[in-house]
Every structure is written in C-alpha cells, then in structure tokens.
Amino acid sequence: MRRIHVGNALSAFGLGFTVPYLYVYVAQVRGLGAVTAGMVLAVFAVAALIVLPFAGRAIVRRGPLPVLLAALVTAALGALSLGLASTSAAVLLAAAALGAGQAVMQPALATMIVDCSTTETRSRAFAMQFFLQNLGLGIGGLIGGHLVDTSHVSSFTLLFAIEAAVFLLLVVVMATVRIPHAPKMEDAPASAKGSWKQLLGNRAMVQLCVLGFVLFFACYGQFESGLSAYGVEAAGISTSALGTALAANTAMIVVAQFAVLKFVERRRRSRVIAAVGLIWAVAWLAAGYAGLGHGSAEMATAAFVSTYALFGLGEAMLSPTVAPLVADLAPSGLAGQYNSAFALVKQLALAVGPAVGGPMGAALHAPYIVTFLLFSLAISVLAIRLGRRLTEAQDQPWRARSRVVQRGGAPTDAIPADA
C-alpha cells in the first residue's frame, strides 16, 4: 500500500509538472498557434475516452499491475516525444500517448488500492490517495513553473524529459509491488461476466455514474475554465488572486482531509455526498457575491477565495466516500471494470464542463452562477435518491461491520463486495 501511495504521488507530480504549461508551450514556444494548442488539450480528453473502456476489460483480465506498467511506459514515451516535437502532427500524437497513459493510471491504481485494502481500511486508503494526489500536483506545478523559460525551448524539453523520467522511476517502484490475489473475471460468477452489459444493469452503479458526472461537471470542470473566467470578467479578480484561490483549494484539502475523514467514516455515504452538494451551493453563492454583489474589491476577492476553499472542503469529504462506494458496488472480480467506468464518466464531465462553463462564465455571469447553484443542489437530490437503492453494507459499512462482530463473525471480509 505504501508503494501504491508513492505511485499516486509521483503520477500526480508528473501531471502537475507539465499540464499547466502545455498551452504556452505549444502555442508560443513552438509557435504552432492557439488552434493547435486547443487541439492538444482536446486530444487529452479524447484519448482518455477512447482507452478507458478497454482499460477496464484489461484490468479485469490481466490484473491492475501489468496495465499500470504499460500505461506508465506509454505516458513516458508521450512526455518525451512532446518535449521533442516541433510539428503539429507530432505534438498531437505525443499528446494522445501522454493523455492515454495518464488516463489509464487512475483506474489501475484505484483497483490496486481495492485489492490491497479491506472494507475497514478502504476509506482511509482512498483519502490518503487524494491527499497525496493534490500534494503531488501542487509541488509539481510549483517546481515546473520555476524551470520553464518561454524564451528557451530547451527548458520545456528538460521539463518533459523529467516528467518521462518520473514515470519510468514509477515503473521501477511499482514493479516491486506484490498484489494479493484478487478475483479475476474467470473467477467471477457467471452473472458477473457480462462486463459492460452487467454494469449497465446495476441500477445503483448507473445512478452513481450520473451523480459522478454532475459532481465533476459542477466542480472540477469549472476550476480552470468557467469559474476562473467568471472571476476575472465579473469579479475583477487579478491573476495573483486567482492563484491564491487555487492555493486555498489545495490548502483546504491538505489541512482538512484527515479531520474530515473521522467525521465521514461514521456517516451514511449518501448523506455525506448530499452534504457536499449543499456546501458547494454555498460556494456558488459566495462566487455570486464576488461578481454580482457590488462590494469592495477586497470583499470580492475574499469571497472568491472562499469559493475555492469550500470546494476543497467538499472534495475532502468525497475522497473517502465515492471511490470506496464504487468498489463496494462492483461484483467480485470486476472492480477494475467499475473503476474504469467511473473514470470514463469523470473524463466526459471534464471534457464537457469547460466547453459549457467557459463561455458562460466569461459572458453570462448571473445565468452561470444560477445554473451551477442548481447543479449543486441536484447533487444533494441525486445522492438522497442513490441512498435509497444502496444496501446497509454499501451505505453504512461501519454499522454493518459492527453487527457482524457482535454476531461473532469476521469484522472485515465477511461482507462481500457485491452485497
């Protein structure tokens, strides 16, 4: 588990190391223009949407570790090629390899966490994963920003070469991991071998995917697109204040993650997600005040920073809640398939979110706030509806474990994943 957490931190570090500077690198440093730079960002999303359905099947059949190692090598080759590419075609091909590799890492690492944890330790393991991911992204972005120089292509080549080296280092680290035997597809019951058809027949999982799309669309899909555009255009937020808001988001996650964990571990998962919807509704109200409240510049900045901090609090509550729920909904042997499906939903939301929120945040200020305020409230409604379809073991795993112990059973593994 420690090696897996190192893997999460290093993969996030590699992502934060280069992604914030891709647009500048392609459009200005390589001189390929804004259109090509925009296409590169789109290729990241498209590559993820293409490979994730196959990744789930591969994880189920081969196990998560071989799939992770293949993804890391692919991402390393993509990063190195991107640093050397000088034409539009070469840049787009390299971005496709990097995007595909990074997309597959997520469900592979999540499945390894499932295989190396029990129902009792899973929430804490996923909370640690989220904590290290944010720490890695923040440190990677900070170091990368000090290395790049837009007047020298070589500084970006060095940046991508270091990213490739990080992924290859992670190959070495993860190759030493010995995953406990986990059920494979051939071990699963006949009813579980329908793969995508079987997944779509799981009403609770379908509802969770719909809820997940709204979560990622209304929050993560707005961070660096609609919300930042709204802050600059409607609230007059400076670029330095925008950086402070992003830092407040990361700081909230780092500071609050494990304090929040103690609170959510003894609560219904569906109610925790519903509470996140309400917290994010307050965040959008704060954003509305920042841009539409006609207060002082200092008050607008404070409200805008608070918006990002409240989003961070909600994220800290979701990390030990949603991912373990995906694992508990998966039948034996199909955790990789379910993790990949949820990652696919996330990528789709992250692709659609900026496309919808960006133009609205820049030009339609009041409709933008009202729209995403309603989306946040919809999160609460969808979470309550999901809770009605979950079993006690899925919605309140701590209570189900307590009852098993009282009856003299095993405290951790007595409850099957597809209970």
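Everything numeric here is computed off the predicted structure, so don't read it as measured data. (Residues numbered from 1 in each chain as written. Predicted model: local features only at pLDDT ≥ 70, side-chain atom pairs only at ≥ 80, totals over all residues. Heavy atoms only, no water.)

**A closer look at the overall build of the protein**
Next, step 1: Scanning the protein from terminus to terminus reveals 18 helices and zero strands.
Next, step 2: Sequence separation of 24 or more characterises 84% of the internal contacts of the protein that already satisfy a separation of 6 or more. (Helix = DSSP H or I, 4+ residues; strand = E, 2+ residues; numbered from the N terminus. Contact = heavy atoms within 4.5 Å.)

**Description of the packing of helix α9 (residues 203-218) against helix α16 (residues 365-387)**
Next, step 1: Across the interface, α9 lies against α16 with an axial gap of 10 Å and an inter-helix angle of 160°. As far as their axial angle goes, α16 and α9 are roughly antiparallel. Viewed along their axes, α9 and α16 form a crossing whose handedness is left-handed. Two secondary-structure elements touch here, α9 through A204, Q207, L208, V210, L211, V214, L215, F217 and A218 and α16 through F372, F375, I379, L382, A383, R385 and L386. (Axes fitted to C-alpha atoms, helices over the stretch in contact; angles between N-to-C directions. Parallel < 35°, antiparallel > 145°, perpendicular 65-115°, else oblique. Left-handed = near helix turned anticlockwise from the far one by under 90°.)

**Brief notes about the packing of aromatic side chains**
Next, step 1: Scanning the model with the defined rule gives 15 aromatic pairs in all.
Next, step 2: Ring pairs connect the aromatic residues F213, F217, Y230, W280, W284, F311, Y368, F372 and F375, which therefore count as one cluster. (Phe/Tyr/Trp six-rings, centres within 6.5 Å; stacked < 30°, edge-to-face > 60°.)

**Details of the environment of M112**
Next, step 1: Note that M112 resides in helix α5 (residues 88-115).
Next, step 2: Separated by 65 residues in sequence, M112 and V177 have C-alpha atoms that sit 9.8 Å apart.

**A few points about α9**
Next, step 1: In this model, α9 (16 residues) spans 23 Å end to end at C-alpha, consistent with the 22 Å of a helix rising 1.5 Å per residue.
Next, step 2: Within α9, the full set of buried residues consists of A204, M205, L208, C209, L211, G212, V214, L215, F216, F217 and A218. (Expected span 1.5 Å × (residues − 1). Buried < 20%, exposed > 50% of the residue type's maximum accessible area, 1.4 Å probe, protein only.)

**Thoughts on helix α15 (residues 335-363)**
Next, step 1: Taking 1.5 Å of rise per residue, 29 residues should cover 42 Å, and α15 covers 42 Å from first to last C-alpha, within 8% of that figure.
Next, step 2: The sharpest bend along α15 reaches about 30° and sits at G357, with the proline P359 one to four residues further on. (Bend = angle between axes of the 7 residues up to and from the residue.)

**Focus: the nonpolar core**
Next, step 1: The biggest cluster of nonpolar side chains holds 123 residues, and the ones touching the most others in it are M174, M205, L208, L227, W280, W284 and F304.
Next, step 2: The biggest single contributor to this core is α5, with 13 residues.
Next, step 3: Apart from the residues lying within four places of it in its own chain, the contact partners of F304 are L227, Y230, G231, I237, L242, A245 and A290.
Next, step 4: If you look at the next biggest cluster of nonpolar residues, it comprises five residues, including A48, L52, A103 and A343. (Core = buried A, V, L, I, M, F, W, Y, C linked by side-chain atoms within 4.5 Å.)

**A look at the pattern of salt bridges**
Next, step 1: A complete count under the given rule lists three salt bridges for this structure.
Next, step 2: R268 serves as the salt-bridge partner of D395, at 3.3 Å between the closest nitrogen and oxygen. Residue D395 is located in helix α17 (residues 392-395), and its partner R268 is located in the loop between α11 (239-264) and α12 (269-292); the two are separated by 127 residues in the primary sequence.
Next, step 3: R268 sits in the partly exposed class, given a relative accessible area of 33%.
Next, step 4: For R269, the salt bridge goes to D328, with nearest N and O atoms at 2.8 Å. Remark: D328 occurs in helix α14 (residues 322-329) and R269 occurs in helix α12; sequence separation between them is 59 residues. Side by side, R269 and D328 carry an identical accessibility label, which is buried.
Next, step 5: The network of salt bridges with shared partners includes R122, R269 and D328. (Salt bridge = Lys/Arg side-chain N within 4 Å of Asp/Glu carboxyl O.)

**Some details on a positive patch on the surface**
Next, step 1: A contiguous patch of positive charge, built from R203, R385, R388 and R389, is present on the exposed surface.
Next, step 2: Turning to its location among the elements, R203 is positioned in helix α9. (Patch = residues over 30% accessible without salt bridge, like charges linked within 9 Å, V, L, I, M, F, W, Y side chains within 5 Å. Areas by Shrake-Rupley, 256 points an atom, 1.4 Å probe, with all protein chains shown as cover. Lys, Arg positive; Asp, Glu negative; His and termini not counted. Charge placed at Lys NZ, Arg CZ, Asp CG, Glu CD.)

**Notes on the side chain of S319**
Next, step 1: With respect to the helices, strands and loops of the structure, S319 is situated in the loop between α13 (297-318) and α14.
Next, step 2: S319 gets classed as buried once you look at its relative accessible area, which sits at 9%.
Next, step 3: Looking at S319, its side chain comes within polar contact range of the side chain of Q257, at 3.0 Å.
Next, step 4: Apart from residues no more than four positions distant in its own chain, S319 is found in contact with F126, A127, F130, Q257 and P324. (Polar contact = N/O pair within 3.5 Å; in protein donor to acceptor, adjacent residues only side chain to side chain.)

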